[in-house]
Structures are given as structure tokens and as C-alpha cells.
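Residue-level structure breakdown
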Amino acid sequence: MNALNDTFLKACRKEPVSHTPVWFMRQAGRYQKEYMAIKDKYSMIEICHHPELITQVTLLPIKQFNLDAAIVFSDILIPLGPMGIDFWYKGGVGPVINNPIRNKTDVEKLKPISASEHLHFTGKALQILKKELNVPCIGFAGAPFTLASYMIEGGASKSYIELKKMMYNHTEAWNKLLNFLAESMAEYLIFQAECGAAAVQIFDSWVGVLSEDDYLDYVHPHMLNMIKKIKAKSSVPIILFGTNTSHLLHHFKATGADVVGIDWKTNLANAWKGLNYEVAVQGNLDPTLLFADWKTIEKHASKLLKSVENKKGYIFNLGHGILPGTPTENVAKLADFVRTYPYV
Ligand code: CP3
């Protein structure tokens, strides 16, 4: 094994680096023919429960592209299974939950989980990956709000009516659910760090559907609790990411996260300035840009890199996950371009 390339970790800690580190959210997945070949034999849920398959899929993008970090292959919904949530992934639709949660009784029926007992396969994969990789491996979990959105709505949603009904009308049940998820996911992330994850990312993909006041009233205290719990037990950098969150980024910073993920609609340089450069940032090309011709991709990537020149604590990424159908040659070229961009 080669020496560890710790550029990504240095950027998380706002230390000087010799090139801009790059990785892509959802870097292992359906745009890769090697992934599709594995998917022909195993379902998404089967892959996520077998350490050897998790390892194999996690390594696919690392072998194919020049990246500065891996992300352990799983899904944010996997920990919901042992809690008693019955779900599956419907092709072309996404997650479908067969027994959504709608009231206090449903919340009280959720089973407590222990990561080492119920999610040992992710831990085992992280242990193997630590030996195989010469880049850090990122562990991850869903944030309480985003997990609750699937549990309550029963799948993806546009207006989050059921979720907001519970939040506004049954606030006690809502807080009980978010507290349960915050504590369980904190424990899961600590477990991943103990097994070899060098950093952890919390995905709060859909929290941007809340107003700033509602975020502060109904979600922020749970994020503070979750991140405090992780920090008490582990020193790995914590990345917090969501989409449509430009109105929430200063609160993301206030959670104590080390790195704030910026979605693709937000101007990253302005957002970072707004955070007084006090945290590292990660992002944020539009994932759809990867379907454009290389000249256009290069123009946008250069503009983004130029906008953060001379600043410590920047990690190049997309502003949301790689989409199915993305041309792999563009992913390869973009990673190479970022890593060789003249660093001043
Ligand atoms: O980044 C990586 O390479 C690790 C893998 C990863 C997956 N899901 C695999 C996956 C990660 C980090 C996630 C996180 C996740 N899952 C999020 C947060 C990130 C984001 O994109 O906002 C969310 C909201 C989910 C929930 C989820 N799981 C959705 C909405 C879907 C369906 C949409 C889709 O992309 O298919 C999934 C299924 C899923 N998770 C797939 C993969 C590779 C597709 C399943 C398949 O291959 O059949």
C-alpha cells in the first residue's frame, strides 16, 4: 500500500494542502457499468449488508478515477431496517416505506438499535477498506430531519405535508422521533469512526424545505445534540450537507460541524465569505453539468476553483450526488483537472 494521501483530511481541518482535494457524492453507482454488473446479481439492500460487496463497490470509483477520498457504500435508510421500518428501493422512483410513521404510538414502537450489533457489516467493511485504501474513507449517516422525512412521508415528497403535520400538530411525537434518530445516528457515526472512517458526513438532503424559524425550532436543537455527542467520543472531521440550504448555512456552522457542504444553487465563494471562512466548505458544481461538453465543464470548474483561490479549507465536490447516466469520462477528466489545477 502507498502512503496515505491525507490532502482531504488536511482541507477538512483547514490546513495547507498541495492540491485541491476532490471526491464526489454518490461516486459509486448506476453511472458505472461495473456497478450495474454487480447490481445484476445483488439488490441494493443485499450489497449494503455484505462487507465484501460493500468493499468492492466502494473501491470502484477509487480504481477508476483519481480521487482524494472514498465513501463507504451504503444508504442513509439502511439503519432504519433494524428499527422496524420496512422499506425497499423501487426502480425509477426511489425508497418506498411500507409502514410509515404517523403518530406517537408509531414512534414509541421503533426499536432501539446498537450499531455494533445491527450495523456490523458497515463497520466490517470500513475495517477492510482501511487496509486496502491509500485515501481516507468517509463514513456517513442521514440527519434526523431527512430520515424522518422518509419515515413519515413513506418515500420522496414534494410538499412534506405529512411531515409538517406531525411537526406542527404533534410536536411531542416529532421531538421524540428526532431525538431518537439523532442519538442513534450519533452512535452509528462514532462506531464507523472506530472501525476506520477518517471523516463522517451527515446528509440532511431535504432540510432546506423548512423556513429558518422552523429549522431553529424543530431541528437545530437535535443537530446540536447529535454533533455534540459525536465530538465527545471522536475527533474525526464532521461534514454537514443539505440542498436548498443557503438560508441555513450559518446555523449549519453553529452546529459545530467542521465542513459545511454547499449545494449547487448557491454561490460557494459568497457563502464561504458569509461564514467568515471559519469552517471548511465542500462543493458545489451542478451534477447535471457533467452531461455537458468538456469545454463547458472546464469553464465552470475553473471559475469555481478561481473563486476560492488562496483559501485554506476547500474541498471540491458536486453540489449534490452524481446522477445516473453521467458520462464516466467527464468524471475522470474533472477529477484530474481539479487535482492538477495550479495551486497558489
Ligand atoms: O456516495 C456514495 O457513493 C455512497 C452511496 C450512497 C447511496 N445513498 C447509495 C444509493 C449515499 C451517500 C447515499 C445517501 C442517500 N440516500 C441520500 C443523501 C444524499 C442525497 O443524494 O441527497 C438520500 C436522500 C438517500 C435516499 C435514497 N436512496 C434515494 C433518494 C434513492 C433513490 C434515488 C437514487 O439515486 O436511486 C436511494 C437509493 C440508492 N442509494 C441508490 C444508491 C446507489 C440507487 C439504488 C440502486 O442502485 O438501485
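Residues numbered from 1 in each chain as written. Predicted model: local features only at pLDDT ≥ 70, side-chain atom pairs only at ≥ 80, totals over all residues. Heavy atoms only, no water.

The next subject is empty space enclosed by the protein. Going through the model one piece at a time under the given rule, you end up with 1 cavity of 30 Å³ or more. In this model, the largest cavity occupies a volume close to 80 Å³. Lining the largest cavity are 11 residues, and of these Thr20, Leu305, Val308, Glu309 and Tyr343 lie nearest its centre. Looking at the lining of the largest cavity, its residues break down into 7 nonpolar, 2 polar and 2 charged. (1 Å grid on protein atoms, 1.4 Å probe; cavity = no way out; pocket = protein on both sides within 12 Å on 5 of 7 lines; lining within 4 Å. Points joined across faces, edges and corners; volume = space filled by probe spheres on them. Nonpolar A, V, L, I, M, F, W, Y, C, P; charged D, E, K, R; others polar.)

Another aspect to go through is the packing of aromatic side chains. Following the criterion strictly, the structure yields 12 aromatic pairs and no others. A centroid spacing of 5.7 Å and a plane angle of 80 degrees characterise the contact between Phe87 and Tyr89, whose relative ring orientation is edge-to-face. For Phe87, a relative accessible area of 10% puts it in the buried group. The class of Tyr89 is partly exposed, set by a relative accessible area of 22%. Ring centres of Tyr314 and Phe316 lie 6.4 Å apart, and the angle between their planes is 80 degrees; on these two criteria the pair is classed as edge-to-face. Grouping residues by exposure puts Tyr314 and Phe316 together as buried. Three or more aromatic residues joined by ring pairs make a cluster, and in this case those are Phe140, Phe203 and Phe241. (Phe/Tyr/Trp six-rings, centres within 6.5 Å; stacked < 30°, edge-to-face > 60°. Buried < 20%, exposed > 50% of the residue type's maximum accessible area, 1.4 Å probe, protein only.)

With that settled, the discussion passes to the pattern of salt bridges. Under the defined criterion, the tally for this structure stands at 14 salt bridges. Of the charged contacts in the structure, one is a salt bridge between Lys104 and Glu172, with a shortest N-O distance of 3.5 Å. On the criterion of sequence distance, the pair formed by Lys104 in helix H6 (residues 104–109) and Glu172 in helix H11 (residues 171–195) is long-range, its members being 68 residues apart. For Asp106, the salt bridge identified is with Lys109, shortest N-O distance 4.0 Å. Of this pair, Asp106 and Lys109 both sit in helix H6, 3 residues apart, roughly one helical turn. (Salt bridge = Lys/Arg side-chain N within 4 Å of Asp/Glu carboxyl O. Helix = DSSP H or I, 4+ residues; strand = E, 2+ residues; numbered from the N terminus.)

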